[in-house]
Amino acid sequence: MIVLALMVSASFGAVGCLLEAGSLSGSGGVGQEQKPPVPSKRVLIVYFSHSGNTREMANQIHGIVGGDLFEIVTVQPYPQEYKAVIAVAKRERDSQFRPKLTKRVESLDSYDLIFLGYPNWYGTLPMALMTFLEENDLSGKTIVPFCTHGGGGLGKGVEDIQRLAPRATLLEGLAVKGALVKTAKGDVENWLRKLGMVRP
Ligand SMILES: Cc1cc2nc3c(=O)[nH]c(=O)nc-3n(C[C@H](O)[C@H](O)[C@H](O)COP(=O)(O)O)c2cc1C
């Protein structure tokens, strides 16, 4: 716990640096002191979404923090019907299947801060996130988890992200109930402000 707390507090410092380095849009402007150009640190918002809730949350984060959006899409689409997707996802989880993804992030190296969003599936990450984390080396990056759920919160997702990206630094995540995501913008903003990612 102490180690985790230290990692988190160290990361807050890192985020402060990221923001000073101009990773958010809207810096400068008429009448403001001009700062010397600094190398920009880039934000990537990665998410998987089956029925749209996590996509909505990703868009809310994007509206506040900016950066680039990347949707994880599986080659084999999941059925839309609830009972059918439940059955497929359960089969995949039980066999620890890794679905193939349609595309990869271009120039992952240029991103420092990665939001990673998922719907809670069976208490943790959908298998597509497992594929993503195994295909991409996130060592040295700062990861901010977020999720939508039906009551289980972040579940074991954060633990699984850290297990699959052991050399990344994880910041405090946010879980929003899927049914409430459309009205969660205030909560999302408060969370990002706590992380030092919203300009005052
Ligand atoms: C296959 C499957 C498994 C799920 N398992 C859980 C679960 O274990 N705990 C939970 O709180 N919600 C669970 N849910 C509900 C989703 O996490 C929730 O509806 C989420 O907001 C869906 O996000 P999306 O619209 O981005 O796909 C599950 C949904 C599906 C389809």
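Observations concerning the overall build of the protein
Point 1. Looking only at helices and strands, the protein features 6 helices and 6 strands.
Point 2. Residue burial in the protein is summarised as follows: out of 200 residues, 34% are buried.
Point 3. Put simply, of all contacts in the protein between residues at least 6 apart along the chain, 76% involve residues at least 24 apart.

A word on the pairing of strand β1 (residues 42–47)
Side chains on a regular strand alternate between the two faces of the sheet.
Point 1. Alignment of β1 against strand β3 (residues 111–119), held across 6 bridges, turns out to be parallel. Considered in β3, the bridge of Y47 is made with G117.
Point 2. Two elements, β1 and strand β2 (residues 68–71), share 4 bridges in a ladder whose sense is parallel. Looking at the pairing, V46 lines up with F70 of β2.
Point 3. Taken together, β1, helix α2 (residues 53–65) and β2 form a β-α-β motif whose crossover is right-handed.

Considering the site of the ligand
Point 1. The environment of the ligand is formed by 21 residues, the closest being T54, P119, G150, G152 and G178.
Point 2. If you list the elements that add at least two residues to the shell around the ligand, you get α2, α3 (82–94) and β4 (142–149).

Considerations on the environment of L171
Point 1. In this structure, L171 sits in the loop between β5 (169–170) and β6 (174–177).
Point 2. On the basis of neighbour count, L171 is assigned to the buried category, with 21 C-beta atoms found within 10 Å.
Point 3. Separated by 13 residues in the primary sequence, L171 and V158 place their C-alpha atoms 9.7 Å from one another.

Remarks on unusual backbone geometry
Point 1. Even without being a glycine, Q96 presents a positive backbone phi close to 50 degrees.
Point 2. For Q96, the location among the structural elements is in the loop between α3 and β3.
Point 3. Phi at S107 is positive, roughly 40 degrees, even though this residue is not glycine.
Point 4. Within the secondary structure, S107 is located in the loop between α3 and β3.

Here we look at the packing of α2 against helix α6 (residues 185–194)
Point 1. Closest axis-to-axis distance for the α2/α6 pair is 10 Å, and the angle between their directions is 50 degrees. Our classification of the angle between α2 and α6 gives oblique. Note that α2 runs across α6; the crossing there is right-handed. Between α2 and α6, the residues in contact are M57, Q60, I61, I64 and V65 and K185, V188, E189 and L192, respectively.
Point 2. Looking at the contact of α2 with α6 residue by residue, the class counts come to 6 nonpolar, 1 polar and 2 charged.

Considering helix α4 (residues 127–135)
Point 1. Among the residues making up α4, those that are buried are M127, A128, L129, M130, F132 and L133.
Point 2. Residues of α4 that are buried make contact with β1, α3, β3 and α5 (157–164).

Some thoughts on the nonpolar core
Point 1. The biggest cluster of nonpolar side chains holds 42 residues, and the ones touching the most others in it are I45, V46, I61, I114, F115, L129 and I143.
Point 2. For this core, the elements supplying multiple residues, two or more each, are β1, α2, β3, α4, β4, α5, β6 and α6.

Some thoughts on the environment of T124
Point 1. Mapped onto the secondary structure, T124 falls in the loop between β3 and α4.
Point 2. Through-space distance from the C-alpha of T124 to that of D160 is 7.5 Å; in sequence the pair is 36 residues apart.
Point 3. Here T124 is in contact with G155, K156, G157 and D160, once residues within four sequence places are set aside.

Some points on the confidence of the model for the protein
Point 1. Averaged over all residues, the pLDDT of the protein is 86; the fraction at 70 or higher stands at 80%.
Point 2. Long-range and interchain partners of residues 1–14, a stretch whose pLDDT sits below 50, account for 8 contacts in this model, where long-range means more than four residues apart.
Point 3. In this model residues 16–32 is a low-confidence stretch, pLDDT under 50, and it forms 26 contacts with partners more than four residues away in sequence or in other chains.

Criteria and cut-off values
- Residues numbered from 1 in each chain as written.
- Predicted model: local features only at pLDDT ≥ 70, side-chain atom pairs only at ≥ 80, totals over all residues.
- Helix = DSSP H or I, 4+ residues; strand = E, 2+ residues; numbered from the N terminus.
- Buried ≥ 20, exposed ≤ 12 C-beta atoms within 10 Å, placed from the backbone.
- Contact = placed C-beta atoms within 7 Å.
- Pairing = 2+ DSSP bridges.
- Right-handed = clockwise from strand over helix to strand, strands pointing away.
- Near = placed C-beta within 6 Å.
- Axes fitted to C-alpha atoms, helices over the stretch in contact; angles between N-to-C directions.
- Parallel < 35°, antiparallel > 145°, perpendicular 65-115°, else oblique.
- Left-handed = near helix turned anticlockwise from the far one by under 90°.
- Nonpolar A, V, L, I, M, F, W, Y, C, P; charged D, E, K, R; others polar.
- Core = buried A, V, L, I, M, F, W, Y, C linked by C-beta atoms within 7 Å.
- pLDDT = per-residue confidence, 0-100.

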